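# Fold and contact review
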Amino acid sequence: MIAYATASILAAQPLSAQVESVQPPATEDAPIAYLLDLTSGQVLLSREGDRRFMPASITKVMTTFLAFEWIEEGRLVPRQVFTVDPEVWDEWNNVGSTMFLPNRARVTVDELIHGVTTVSANDGAAALAHGAAGSIDAWVSEMNAKAREIGMRDSHFGTPNGWMDNGKTFTTARDLGTLAASMIGRHPSKYRHYVGRTEYTYNDITQPNHDPISGGVRGADGIKTGFTNQAGYGFLGSAERNGRRLVMVVAGSPRSSVRDRASRELLEWGFREFQQKQLLGRGAIVGEAQVQGGDAGTVDLVAPGGVYVSLPGSADPRIEVTISYRGPLRAPIAENEQVAELLIQAEGMPEYRIPLHAAADVGEAGFLDRVANGFRGWLR
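## With respect to the pattern of salt bridges
- Tallied over the entire structure, the rule returns 17 salt bridges.
- In this structure, the salt-bridge partner of Glu268 is Arg241, at a minimum N-O distance of 3.0 Å. One end of the pair, Glu268, is in helix 8 (residues 256-273); the other, Arg241, is in strand 10 (residues 232-241), and 27 residues separate them in sequence.
- Arg241 gets classed as buried once you look at its relative accessible area, which sits at 9%.

Shown next as structure tokens:
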């Protein structure tokens, strides 16, 4: 791995005065607690963030994300109609949370996703899985493939809804943060449409969402609660204020009321104790990387979403940024292809990385390019 410093150590500007101090939830209230600043990419808190646990109904977030992916790919259409399979109905009718699907009901993909995201419908998740993939097993296999694709390295799913399966389904708080980041980042309009509703009516039955933060935390919009006797109480949630989005996980709470309070405390702590500084704007050129075998010897590197850092409100640290990549890069390189990372180190905070993309295409070198490249190399 070759690293190139792209800036000398940067002094952070003084941050505005912080409001009255708040604290993250106590360990006994949230044995697992994780807070990710989605805008900067920083992990602000990780308490047992890599410890495996059973996510229960939080599993439905992966079913939701896979449905979003398939809609984007044209494999699913929201107005598409499925008929509830009698075997699926026999297995999931009135089992746990339900949207009360009738046997052989004709129901749209849109209705099923709303049932999953808002009322945590076990029957809805199963019907969606069976209708979309032809079988629940096939859908679960796709869930696991998608989890691997987005970098959920310590998770496995055994059902589309998180119902108890003797420990086959497990995840970590860090992986759930990755899942939420992928869902919100890739599908913002679908996220707004399906996630965070306070209630949902299907078949003339209206049920509330048990999300503990929407309506109680400014800027909150979901995402999903979970509970089983084995897993305890958990929640994957998110909120956005002034263009800054946080994603949080609590798990292993002893009671729903404790989980709800811990979720609110964690988000408020994140928003109030950390303030965000922009180092570089969206699409800014961060530096350049050396290219081998290309029609250009270097390629500019850009940070598509900009470069941000979140710092404790009372801190005035120095910040070091470094480009790292395995190089020299080999042509051809496509514009917007991720080819490097920016390592950001702020004193007193965990280091973190954001992706850097090529600012332009770099084609393979022709004969004259190779001659020029060789001459430049000889001059060095």
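Having seen it, we continue.
## Details of the packing of aromatic side chains
- Here the structure, examined in full by the defined rule, presents five aromatic pairs.
- Between Phe68 and Tyr194, the aromatic rings sit 5.7 Å apart at their centres with planes inclined by 35°, giving tilted as the arrangement. Here Phe68, found in helix 1 (residues 60-73), pairs with Tyr194, found in helix 7 (residues 188-194); they are 126 residues apart in sequence, far enough to count as distant.
- Exposure remark for Tyr194: the relative accessible area of 3% places this residue in the buried category.
- With 5.1 Å between their ring centres and 85° between their planes, Trp269 and Phe274 make a pair best called edge-to-face. Here the two residues Trp269 and Phe274 agree in accessibility, since each one is buried.
- Here Arg75 stacks its cationic end above the ring of Trp70, 3.8 Å away from the centre of that ring.

## Description of the packing of helix 4 (residues 122-133) against helix 5 (residues 136-150)
- Put simply, helix 4 and helix 5 touch, their axes get as near as 7 Å, and they point 90° apart. One element, helix 4, and the other, helix 5, form an angle in the roughly perpendicular class. Between helix 4, through Ala126, Ala129, His130, Ala132 and Ala133, and helix 5, the contact on the second element is made entirely by Ile136, Ala138 and Trp139.
- Residue composition of the contact of helix 4 with helix 5, grouped by class: seven nonpolar, one polar and no charged.

## A few points about helix 6 (residues 173-186)
- Spanning 14 residues, helix 6 covers 20 Å between terminal C-alpha atoms, matching the ideal 20 Å at 1.5 Å per step.
- Residues Ala173, Asp175, Leu176, Gly177, Leu179, Ala180, Ser182, Met183 and Ile184 constitute the buried set of helix 6.

## Quick look at the confidence of the model for the chain
- Of all residues in the chain, 90% have pLDDT values of 70 or greater, and the mean over the chain is 90.
- Note that pLDDT drops below 50 for residues 1-21; the model gives that stretch 57 contacts with residues more than four away or on any other chain.

## Here we look at the sheet that holds strand 11 (residues 244-253)
- Judged by pairing direction, the sheet is antiparallel, and its five strands sit side by side in the order 4-3-11-10-9 without closing on themselves. Among the strands making up the open sheet, the edge pair consists of strand 4 (43-47) and strand 9 (220-228). Averaged over all neighbouring strand pairs, the angle between strand axes comes to 10°, with direction disregarded.
- Sheet strands touched by helix 6: strand 3 (32-37), strand 4, strand 9, strand 10 and strand 11. Its angle to strand 11, the strand with the most contacts, is close to 145°.

Cut-off values and rules
Residues numbered from 1 in each chain as written. Predicted model: local features only at pLDDT ≥ 70, side-chain atom pairs only at ≥ 80, totals over all residues. Heavy atoms only, no water. Salt bridge = Lys/Arg side-chain N within 4 Å of Asp/Glu carboxyl O. Helix = DSSP H or I, 4+ residues; strand = E, 2+ residues; numbered from the N terminus. Buried < 20%, exposed > 50% of the residue type's maximum accessible area, 1.4 Å probe, protein only. Phe/Tyr/Trp six-rings, centres within 6.5 Å; stacked < 30°, edge-to-face > 60°. Lys NZ or Arg CZ within 6 Å of the ring centre and 35° of its normal. Axes fitted to C-alpha atoms, helices over the stretch in contact; angles between N-to-C directions. Parallel < 35°, antiparallel > 145°, perpendicular 65-115°, else oblique. Contact = heavy atoms within 4.5 Å. Nonpolar A, V, L, I, M, F, W, Y, C, P; charged D, E, K, R; others polar. Expected span 1.5 Å × (residues − 1). pLDDT = per-residue confidence, 0-100. Pairing = 2+ DSSP bridges.

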